[in-house]
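Here's the letter readout for the chains.
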Amino acid sequence: MERLKRVRITSKGKVFEGLLLPSADRDFLVLKMDSGYNAGFRKEGAKVEELGEVKVDVGSGKDGASGGKRGEIAILGMGGTVCSRVEYKTGAVFPSIGPEDLARNIPGLEKICSFHTREIFSMLSEDMTPQHWAEAAEEIRKEIEKGVQGIVVLHGTDTMHYTSAALSFMLRNLPVPVVLVGAQRSSDRPSTDGRINVLNACFAAARGPIAEVGVCMHAGTDDDFCHLHRGTRVRKMHTTRRDAFHSINSPPLARVDYRNEIVEPYLQFRGRGGKLRFDNRVSENVALVYTHPGVKPEFIDSLAGYDGVVVAGTGLGHVPANPFNAKYTRSIVPNLKALVDSGIPVAMASQCISGRVNMNVYTAGRVLQEAGVFGHLADWTPETAYVKMCWVLGHEKKMEKVREEMMRDIAGEITGRSEIA
Amino acid sequence: MKCGLEIHQRLDTGKLFCRCPSAIAEREPDFRFRRKLRASAGETGEVDFAARVEQEKEKEFHYEGFAESCCLVEADEEPPQEMNPEALRIVLGVAQQLHMEPFEQLHVMRKIVVDGSNTSGFQRTCLVAAGGYLETSRGRVRMSTVAVEEESAGIVSEEAHVKNYRLDRLGIPLIELATEPDIVDAEHCKEVAEKIGLMLRATGKVARGIGTIRQDVNVSTEDGARIEIKGAQELRMIPLYVEKEVLRQERLLGVVAEIRKRLGDSALKPKAVDLTPIFAKTQCGLIRKGIEAGGHVLGIKLEGHAGLLGRELIPGRRYGTELSDYAKSAGVKGIIHSDEDFDKYGISAQEDSAARKGLGAGEEDAYVMVVAQRGMAQRALQMVVERANVRVVPAETRKANPDGTSSYMRPLAGRSRMYPETDIPPIAVGKGMLEEAMAAAGGGLEEKERKLRGMLNPEMAGRMLKSRNLQLFEELVGAGAEPMLAASTLEQTLVEMRREGLELGRPREQLMELFAEYGNGLFVKAAIPEILRGMCRGKRAREAAEGLERIGGAELKRLVKEKGGDFGKIMREYRLRVDAKELKEAIGR
Ligand SMILES: [Zn+2]
């Protein structure tokens, strides 16, 4: 509940009545008139008379009862557009609605499964850190120990693929599905994609066979079915579209259509009933950097304070190495070598996003390998490589062991074959 | 009678919140997609009942789009961009001409509409100014508000669970002007609509063609409510709509008073009962067909309502019709109620009494039935109860029927249907913006009229002011054309040629060329129709003027000498090549 003042504003000889809303701009008063329209008046020169107070319900933001009984799923809130509301002070969309409000706002959810809700974080996904991943993993472990059928995580879309990759490494051999879900259109809009995404995510978590960490989002622009993407394969590929999430170098894990009660796998998957292997230790001291024409060697030197570095290289996994002594060009390979020599593991991914790293084809790749940069033949995304490095460094410091573990497939992030379609 | 007008005019500036052109497509679409919508609570926390019912119909919306006129914004796949500055300038210009006071900070709102006509589930709308007036022959008509909003998508067809829309129209700016209820009769209504129409056309930026301008009527009565009647086809019908609406409200208040007398303020909470078995062998075709199609007969008791549903409000519409309209918004075809002539339906007395018994309805009670799929029937009856529990005249948007009556469409958009459009920051309106808008409006209609009277005769000035060619006329004159010649060419010569089936392909460029050559002295006025005929067939002005070149100077003198100075004879033979005034001078000398 929030209280709003009913006021009469006299401005330039004209009189307007309505509710006074919080204004983002100090110089203006914002009035909601009885017609529903908002309009702003310059404070200077406007006369305001108070006429009383009105209570308005702006959503409780409270958690639902944490029952934790068998046969139900846990819906965990980690913020984002999928559980957002209008914030009047700034007029912006803000993650403040609790999972309970969300459940209430999604008719039909109760027909799919019983559930309880809990808010872990109320934040924007761009504000997340590796520490947040670790905490989220811990909360999910607690839910698994309660015996839930599956877990749905409400998450902002910006960094959802980082979190999904992190959870994929931290929660191995899962007994139940862990499904991350978000919305590209906020839940306060009639056209929100969140409703169908959440219904499908809940269906996949409660009744689907796939006990992996996945991301469930619109498959196309139609309000139709969703794709469930493997947590280490998925990436946000569009700023605004509903079907922004794609699996990279892999088909999606499955098609999910709650209306027809279908989870149709496209890939081999891990089934339910595993015994959880849990490790949420993580390094917060890893850098993910982009090379580009004109990148300065000094920039690479400035990374010396990190425990690990992932380079999003060009093409097959290249950086300026200047084998032909082109004028102007400065190689950064010696600087990368210096990082490796000082004990900092450096991994390569490609800023092409799609396709496999191959550091054998051109000289730049070969000299990078000679310098100790690894990642040859990895088909991971830069983000997954980064997350994996954070996780590996959480429990392993020895360079050789780090390199070995990085290059071994742990959660579907590296595959040997590049399929044609 | 007193009523207000609400005028919607499409602007030809390109779309309001994306950079697509305002182009209507006349061909097969380039892409299609499917969506669903759901209603949600507004910022004040109220959920609009009607919006909820609308979405519970679970309709799917199919959209058709065109590559050149629809982008990700229309598809609701990208946030809106800044408001089209030209559209805003035009609206600010019109507002000032109507002596309105623009707000100092404009807020774009989302008006929730979940019928699929907007892919987002809302129409973006922005109140720009309030107050002001229009001078008319019957005194001042006060202006209420001016807003700028997005045009909705055009509906193509509707099936049971699917509505089909086209996206080319979606997002075209609409200026919405509303007057206070100061209009006194039919003639006055016409005058107001024409004056405002003229003012809008004078901006030179209004869209033309069918559907680009719409007039709605606002009626409010003292004890009743504000009603907006949409879709009146002709202005002269408007007084009839007003008259019938006033009567409807008056009678409705009578019904409300009677309900209060019988029930006090207690709300009806009837339970829907499945009456299908009672009608297993019915002679009623309507019910039988409904059941055969897999439907159910659901009924509710309306306590203490006996006789009220049959009460006539206006000829052809009873209180039951009002309830029926609400039921229809849930997707059913209509209702059957106990104040109707059951013989006509083929409902037997036994069926009637069995239904009454099943619903527990006594003599003082009325009952309502619907035949439809169970869920739809339930929602329809829920709508009936919601409406029956409104013990005032509800504020509504109604649809104009051809006979002068109107039917319920949806509740009047109110606070609970309006959200702020959080993707667009508020727009501060400064003095500079207002001055610029006024300058772009060319000083407005009055100023335009004054200027036209200064360069044309009064008859032509009046005609030009109302003409669709006004903007082109101003451009031609601006480029140096003689005003009277430009006006008569636009308003007479080209009209005559159209009757001959001739039309200029690129009127602006071609007329510019014509008047430039005329200014160079290539031909005389009298040759213009003939030259235009050639230009209509694709010739350049010079080509079309071959053989029609003006005879002047030494050549004319020679001609005068040759013909013995006979004015009449020369004019008869060389009418298209000689200027009369010039000839007179040559002879006189
Ligand atoms: Zn567009």
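Along each chain, numbering runs from 1 in the same order as the chain's sequence is written. Both sets of labels track the order of writing: A upward for chains, 1 upward for ligands. The model is predicted, so local features are restricted to residues of pLDDT at least 70 and side-chain atom pairs to those at 80 or more, both for listing and for counting; the totals for chains, interfaces and linings are taken over all residues. Side-chain figures throughout are based on the complete set of non-hydrogen atoms in the structure, without hydrogens or water.

A. How the structure looks around the overall build of chain B. The number of helices and strands found in chain B is 20 helices and 24 strands. Should any heavy atoms of two residues lie within 4.5 Å, those residues are counted as being in contact. Counted over contacts in chain B with a minimum sequence separation of 6, partners at least 24 positions apart contribute 73%. Reported accessibility uses the Shrake-Rupley method at a 1.4 Å probe radius. Residues are deemed covered only where the shown protein chains occlude them. Of the roughly 25900 Å² that chain B leaves accessible, carbon and sulfur atoms contribute 49%. Each charge class in chain B can be summarised by its mean position, and for the 91 positive and 94 negative side chains these summaries are 3 Å apart. In this description a helix means any DSSP run of H or I spanning at least four residues, a strand means any run of E spanning at least two, and both kinds are numbered starting from the N terminus. Residues scored as charged are limited to Lys and Arg (positive) and Asp and Glu (negative), so that His and the chain ends carry no count. Charge coordinates come from a single atom per side chain, which is NZ of Lys, CZ of Arg, CG of Asp or CD of Glu.

B. Fine view of the overall build of chain A. In terms of regular secondary structure, chain A is built from ten helices and 22 strands. In terms of its C-alpha atoms, chain A occupies a principal-axis envelope of roughly 75 × 55 × 35 Å. The contacts in chain A between residues at least 6 apart in sequence include a share of 68% that link residues at least 24 apart. Side-chain charges of chain A comprise 54 positive and 51 negative groups, with the mean position of each set lying 1 Å from the other.

C. View of the environment of A481 of chain B. Residues and elements named next belong to chain B. For A481, the location among the structural elements is in the loop between helix 13 (470-478) and helix 14 (483-499). For the pair A481 and A516, spaced 35 residues apart in sequence, the C-alpha to C-alpha distance is 7.5 Å. In this structure A481 touches L476, A486 and F515, once residues within four positions along its chain are discounted.

D. Representation of the coordination of the zinc ion within the structure. Residue and element names in this part refer to chain B. Coordination shells were defined by N, O and S atoms within 2.8 Å of each metal, extended to 3.2 Å for Na, K and Ca; water is absent from the atom set, which can make sites look incomplete. The zinc ion binds to the protein through C18 (SG), C20 (SG), C71 (SG), E74 (OE) and E74 (OE); the donor distances cover 2.2 to 2.6 Å. Partly exposed describes any residue whose relative accessible area lies between the buried limit of under 20% and the exposed limit of over 50%, with all areas from a 1.4 Å probe on protein chains only and scaled to the type maximum. Since its relative accessible area comes to 9%, C20 is described here as buried. We classify E74 as buried; its relative accessible area is 3%.

E. Geometry of the interface of chain B and chain A. With 52 residues of chain B at the interface, the matching set in chain A holds 48 residues. As a working definition, buried area equals the accessible area (1.4 Å probe) given up by two parts on being put together, with both sides summed. Where chain B abuts chain A, roughly 4200 Å² becomes buried across the two surfaces, and 50% of that area is made up of carbon and sulfur atoms. We define a salt bridge as a contact between a side-chain nitrogen of Lys or Arg and a carboxyl oxygen of Asp or Glu at a distance within 4 Å. Summed over the shared surface of chain B and chain A, the number is eight salt bridges. Measuring nitrogen to oxygen at the nearest pair gives 2.8 Å for the salt bridge that ties D423 of chain B to R189 of chain A.

F. The pattern of salt bridges, seen in detail. Here the structure, examined in full by the defined rule, presents 86 salt bridges over all chains. Salt-bridge contacts for R166 of chain B lead to E64 of chain B; the nearest nitrogen and oxygen are separated by 2.9 Å. Taken together, the positions of R166 of chain B in strand 11 (residues 162-166) and E64 of chain B in strand 3 (residues 60-65) put the pair 102 residues apart, joining distant regions of the chain. Accessibility classification places R166 of chain B together with E64 of chain B in one group, the buried group. Here the salt bridges share partners, and the residues they tie into one network are R185, R189 and R242 of chain A together with R35, D76, E77, R110, R124, E150, E421 and D423 of chain B.

G. The pairing of strand 10 (residues 154-158) of chain B, seen in detail. Residue and element names in this part refer to chain B. Note: strand 10 against strand 11, four bridges, orientation antiparallel. Bridge assignment links S157 to a residue of strand 11, and that residue is N164. In this description, strands pair whenever DSSP reports at least two bridges between them. In this structure, the hairpin formed by strand 10 and strand 11 is closed by a connection of three residues.

H. Representation of the packing of aromatic side chains in the model. Residues and elements named next belong to chain B. Put simply, two rings from Phe, Tyr or Trp (the six-membered ring, in Trp's case) pair if the centres are within 6.5 Å, and we call them stacked under 30 degrees between planes, edge-to-face over 60, tilted for the rest. This model, assessed by the stated rule, comprises twelve aromatic pairs over all chains. An angle of 35° between the planes, with centres 5.4 Å apart, marks the rings of F33 and Y63 as tilted. You can see F33 sitting in strand 2 (residues 31-35) and its partner Y63 sitting in strand 3, a full 30 residues away along the chain. Taking 5.9 Å as the distance between ring centres and 25° as the angle between the ring planes, the aromatic pair formed by Y63 and Y165 counts as stacked. A residue pair is termed long-range when its members are at least 10 positions apart, and Y63 in strand 3 and Y165 in strand 11 qualify at 102 residues. For the pair formed by Y63 and Y165, the shared burial category is buried.

I. Summary view of the sheet that holds strand 20 (residues 366-372) of chain B. Residues and elements named next belong to chain B. Ordered in space as 15-16-20-19, the four strands form an open sheet in which the pairing is antiparallel. Across the chains shown, the open sheet's two edge strands, defined by having one partner strand only, are strand 15 (273-274) and strand 19 (336-337). For strand 15 and strand 16 (residues 296-302), the ladder comprises two bridges, and the chain directions are antiparallel. Note on strand 16: the bridge partner recorded for D274 is L298. Orientation is described by axes fitted as lines to C-alpha atoms, over the contacting stretch for helices, and by angles from 0 to 180 degrees between their N-to-C directions. Packed onto the sheet, helix 5 (residues 285-292) meets strand 16, strand 19 and strand 20 and runs at close to 45° relative to strand 20.

J. Main features of the nonpolar core. Residues grouped as a nonpolar core are buried Ala, Val, Leu, Ile, Met, Phe, Trp, Tyr and Cys residues, joined through side-chain atoms within 4.5 Å. Counting 106 residues, the largest nonpolar core has L177 and L511 of chain B as the members making the most contacts within it. A74, M170, V234 and V402 of chain A belong to the second largest nonpolar core, which has 55 residues in total.

K. Region of the structure containing the confidence of the model for chain B. All names here are of chain B. Residues with a pLDDT of 70 or more make up 95% of chain B, whose mean pLDDT is 90. Considering each helix and strand of chain B separately, the mean pLDDT is smallest for helix 1 (residues 49-56), with a value of 56, and largest for strand 5 (residues 105-106), with 98. Here pLDDT means the predictor's own confidence in every residue, given as a number from 0 to 100. Within the model, the stretch residues 41-47 combines pLDDT values under 50 with 26 contacts to residues more than four positions away or in other chains. Across the interface, the model reports ipTM at 0.89; the global pTM reads 0.82.

L. Structural detail: the packing of helix 12 (residues 458-466) of chain B against helix 14 of chain B. Residue and element names in this part refer to chain B. Between helix 12 and helix 14, whose axes approach to 11 Å, the crossing angle comes to 60°. By the angle class used here, helix 12 and helix 14 are oblique. Remark: the crossing between helix 12 and helix 14 carries left-handed chirality. Facing helix 12, whose interface residues are M460, R463 and M464, helix 14 presents M484, A487, S488, L490, E491 and Q492. Each residue gets one label: Ala, Val, Leu, Ile, Met, Phe, Trp, Tyr, Cys and Pro are nonpolar, Asp, Glu, Lys and Arg are charged, and the others, such as Gly, are polar. Class assignment of the residues belonging to the contact of helix 12 with helix 14 gives a composition of five nonpolar, two polar and two charged. An angle below 35 degrees is treated as roughly parallel, one above 145 as roughly antiparallel, one from 65 to 115 as roughly perpendicular, and anything else as oblique. Note on convention: near helix rotated counterclockwise from far helix by under a right angle means a left-handed crossing. Clockwise means right-handed.

M. Quick look at the sheet that holds strand 2 of chain B. Residues and elements named next belong to chain B. Overall, mixed pairing links the four strands, which are arranged 2-3-11-10 in an open sheet. The open sheet has two edge strands, strand 2 and strand 10, and neither has a second partner. Along the sheet, successive strands turn relative to each other by an average axial angle of 25°, direction set aside.

N. Structural view of helix 9 (residues 374-388) of chain B. Taking 1.5 Å of rise per residue, 15 residues should cover 21 Å, and helix 9 of chain B covers 21 Å from first to last C-alpha, within 8% of that figure. Of the positions making up helix 9 of chain B, those classed as buried are M376, A377, R379, A380, L381, M383, V384, V385, R387 and A388 of chain B. Take the number of residues in a helix, subtract one, and multiply by 1.5 Å to get its expected span.

O. Representation of unusual backbone geometry in the model. All names here are of chain A. For N173, which is not glycine, the phi torsion reads 55° and is therefore positive. Counting through the fold element by element, N173 comes out in the loop between strand 11 (171-172) and strand 12 (178-181). Backbone geometry places I353, a non-glycine residue, at a positive phi of 70°.

P. Broad picture of the domain arrangement of chain B. A domain assignment, automatic or from a database, supplies the domain bounds used here. In terms of domains, chain B is made up of domain 1 (7-217 + 414-420), domain 2 (266-388) and domain 3 (445-550). On a C-alpha basis, the centres of domain 2 of chain B and domain 3 of chain B stand 66 Å from each other.

Q. Just the packing of helix 11 (residues 444-455) of chain B against helix 13 of chain B, in detail. Residue and element names in this part refer to chain B. Interaxial distance between helix 11 and helix 13 falls to 13 Å at its minimum, and their mutual angle equals 55°. Taken together, the axis directions place helix 11 and helix 13 in an arrangement best described as oblique. When the axes of helix 11 and helix 13 are compared, the crossing they make is left-handed. Contacts between helix 11 and helix 13 pair K448, L452 and M455 from the former with L470, F473, E474 and V477 from the latter.

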